[in-house]
Amino acid sequence: MYLYTTFFFFAVGGLMALAIRLQLEHANNQVVSAESYDRLFTMHGTTMIFLFVIPVMAAFGNYLVPLQIGARDMAFPRLNAASYWLVLFGGIVMYSSFLWGGGAADAGWTAYPPLSVLSPGHGLDLWIVGLHILGLASLLGAINFICTIHNMRAPGMRLSRMPLFTWAIDVYAVMLVVSGPVFAGALTLLLLDRNYGTSFYQPATHGPILYQHLFWFYSHPVVYVMALPGFGMISEIVPVFSRKPLFGYKALVYSLVAIAFLGFLVWGHHMFAVGFSTPLQVWFMVASMAIGVPTGVKIFNWIGTMWMGRIRFEPPMLYAVAFVGLFMIGGLSGIFVAAFPIDLYVTDSYFVVAHFHYVLGTVPVFAVLGGLHYWYPKMSGRMLDRALAIRAFWIIFVGFNMTFFPMHDLGLSGMPRRVSTYTNHAWDAANLISTIGAFVLATGVLMVLWNCLHSLRVGRIAPADPWGANSLEWYTSSPPPPHNFDELPPIRSERPLYDLRREAAGAPAATGD
Amino acid sequence: MLDRPTAQRNLTLALKLAIFAALMFAGTLLVGVLVRYG
């Protein structure tokens with residue numbers, strides 16, 4: 001249900017993106033009004049972040065974490081159900097704002113004051129209440145994950161043997177518990193300013209800067225809340241289809257933790273334009289670039305895993321390889337925007353839009369779809385249509401790059417973000433390519449969704465372990481029984497299924513470390 | 001059903017995390033009050 005709901009919101013957010021791209025297809029276009037455009041890009045960003053990427057990771061986590069650690073279920077199954085219903089309810093509350101007078105929220109997903117304080121109607125109030133509900137869902141889910149992972153691992157499943165995806169969900173959950181309440185607090189103050197006459201965010205006392213600090217103290221870690229489970233998915237897929245052990249398991253775990261820790265220290269790089277003192281600018285710049293080190297370690301380890309491997313380019317691996325390459329493009333443009341002298345020139349331009357779609361767009365499109373193709377047989381008991389999946393992948397790959405790569409050029413040539421139209425015809429060609437790309441991308445995503453729904457009925461029956469994988473979830477039947485496992489194999493390393501295959505082939509058993 | 005010690009460990013950890021989250025929320029409100037009115 002979690003997956004269906006989040007993919008429904010993904011489709012809604014995607015439709016909004018198509019409307020945005022149609023509007024920007026050429027100069028002086030009037031597909032939607034300026035007011036509607038503001039609502040579209042606000043709700044597109046909010047939907048993709050809060051109703052798709054964050055909860056879809058929880059959806060995968062709910063399903064996979066108990067399986068990967070050999071548990072029967074999550075620690076608090078009812079709390080789990082509550083998290084799901086809160087996600088749905090939060091989404092309904094947020095979208096109900098379209099039906100009220102004044103329309104939906106229109107202050108961007110960042111909702112900076114004073115614009116958000118002054119935004120007319122109740123759209124922004126419903127947006128805030130919706131986010132509070134979604135935040136509560138995330139918090140309950142995060143507490144559930146931490147309890148499950150730390151208290152319910154099967155005998156032998158030490159922390160040092162946990163699959164990388166479960167590690168990533170653990171770090172994701174800790175980050176949500178630390179940062180989520182700060183966002184809730186910032187939104188509460190905003191709600192008070194809008195409705196009860198307080199003035200926390202009034203410009204005269206630098207209130208908007210206070211909001212930005214609180215907002216980005218949450219929202220920068222949230223970048224990693226979204227990205228780290230994606231990294232976990234890639235770390236599961238790459239070794240299986242490279243037919244090799246993961247290169248540098250411990251380095252990958254340490255880099256996950258290092259990224260999470262550093263992620264809490266760099267929020268100011270979103271605020272260079274407010275005019276910090278130079279030492280503070282330098283701190284945020286250096287700390288932001290320091291995140292490149294553990295991120296680089298990850299990319300090095302994935303490439304090291306593939307190096308000299310017998311790679312099988314099954315659909316999940318295609319998505320994983322594409323993710324590594326495209327995420328590196330986002331990482332490289334990240335170095336530019338982390339340097340404050342450059343950021344001051346490109347801030348609020350399409351260069352930033354290109355950057356964050358190569359970083360955060362690759363997670364839902366390539367990591368999540370890669371994960372979906374990888375675990376679909378386990379979840380559904382059916383195999384996807386391989387040929388259709390590969391065709392869809394290439395269409396998505398081409399569409400994604402057509403959509404977002406030209407935005408680098410648009411940004412560098414001065415096109416601002418969050419404007420409903422423009423008058424400069426020099427930007428027409430790149431915008432046209434981007435708009436066509438968005439429709440190509442949408443076609444590919446529709447093919448994936450069709451493949452998933454169609455294969456539920458006609459797909460080949462999936463065996464327990466169709467990929468020759470290593471982690472525990474592939475030991476049980478596809479789909480697993482309600483109690484997950486009839487029996488558990490001995491867990492003596494981070495690859496218990498590999499150990500079993502080795503023993504079956506007559507090799508000595510793994511020793512335990 | 002979970003065995004009693006595991007259920008108890010889960011509850012204790014969940015409670016600690018919930019209290020931590022509540023303190024972070026209250027701390028944020030306090031920062032807002034102090035910055036604006038302090």
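Anything mentioned here points back to the structure above.
Given the structure is predicted, the values throughout are model-derived calculations rather than measurements. (Residues numbered from 1 in each chain as written. Chains lettered and ligands numbered in written order. Predicted model: local features only at pLDDT ≥ 70, side-chain atom pairs only at ≥ 80, totals over all residues. Heavy atoms only, no water.)

## Digging into the environment of A:Lys244
All names here are of chain A. Considering the arrangement of structural elements, one finds Lys244 in the loop between helix H7 (207-242) and helix H8 (249-263). The sequence separation of Lys244 and Pro155 amounts to 89 residues, and the corresponding C-alpha distance is 25 Å. What Lys244 contacts, discounting residues up to four positions off in sequence, is Pro239, Gly304, Thr305, Trp307, Met308, Gly309 and Arg495. (Helix = DSSP H or I, 4+ residues; strand = E, 2+ residues; numbered from the N terminus. Contact = heavy atoms within 4.5 Å.)

## Topic: the packing of aromatic side chains
Describing an aromatic ring pair means giving the distance of the ring centres and the angle of the ring planes. All names here are of chain A. All chains considered together, the criterion is met by 54 aromatic pairs over all chains. With 5.0 Å between their ring centres and 70° between their planes, Tyr84 and Trp85 make a pair best called edge-to-face. Tyr84 gets classed as buried once you look at its relative accessible area, which sits at 9%. A relative accessible area of 48% places Trp85 in the partly exposed class. Ring geometry for Tyr319 and Phe393: centres 5.0 Å apart, planes at 80°, overall edge-to-face. One end of the pair, Tyr319, is in helix H11 (residues 315-338); the other, Phe393, is in helix H14 (residues 386-412), with 74 residues separating them in the sequence. In this structure an aromatic cluster arises from ring pairing among Phe50, Trp109, Tyr112, Phe183, Tyr201, Tyr211, Phe215, Trp216 and Tyr218. (Phe/Tyr/Trp six-rings, centres within 6.5 Å; stacked < 30°, edge-to-face > 60°. Buried < 20%, exposed > 50% of the residue type's maximum accessible area, 1.4 Å probe, protein only.)

## A closer look at the packing of helix H1 (residues 2-23) of chain A against helix H2 (residues 34-69) of chain A
Residues and elements named next belong to chain A. Where H1 contacts H2, the axes come no closer than 8 Å and their chain directions differ by 155°. As the angle between them shows, H1 and H2 are arranged roughly antiparallel. Here the hand of the crossing between H1 and H2 comes out left-handed. When grouped by side-chain class, the residues that make up the contact of H1 with H2 number 21 nonpolar, 7 polar and no charged. (Axes fitted to C-alpha atoms, helices over the stretch in contact; angles between N-to-C directions. Parallel < 35°, antiparallel > 145°, perpendicular 65-115°, else oblique. Left-handed = near helix turned anticlockwise from the far one by under 90°. Nonpolar A, V, L, I, M, F, W, Y, C, P; charged D, E, K, R; others polar.)

## As for the pattern of salt bridges
Two side chains that carry opposite charge are able to pair once their charged atoms sit near each other. Residue and element names in this part refer to chain A. One pass over the full model with this rule turns up 5 salt bridges over all chains. Arg194 is paired through a salt bridge with Asp125; the nearest N and O atoms lie 2.7 Å apart. Residue Arg194 is located in helix H6 (residues 164-195), and its partner Asp125 is located in helix H5 (residues 123-151); the two are separated by 69 residues in the primary sequence. There is no split in this pair, since Arg194 and Asp125 are both buried. Among the ionic pairs, Glu503 bridges to Arg492, the shortest N-O distance being 2.7 Å. In this pair, Glu503 sits in helix H16 (residues 496-504) while Arg492 sits in the loop between helix H15 (428-458) and H16, placing the two residues 11 residues apart along the sequence. (Salt bridge = Lys/Arg side-chain N within 4 Å of Asp/Glu carboxyl O.)

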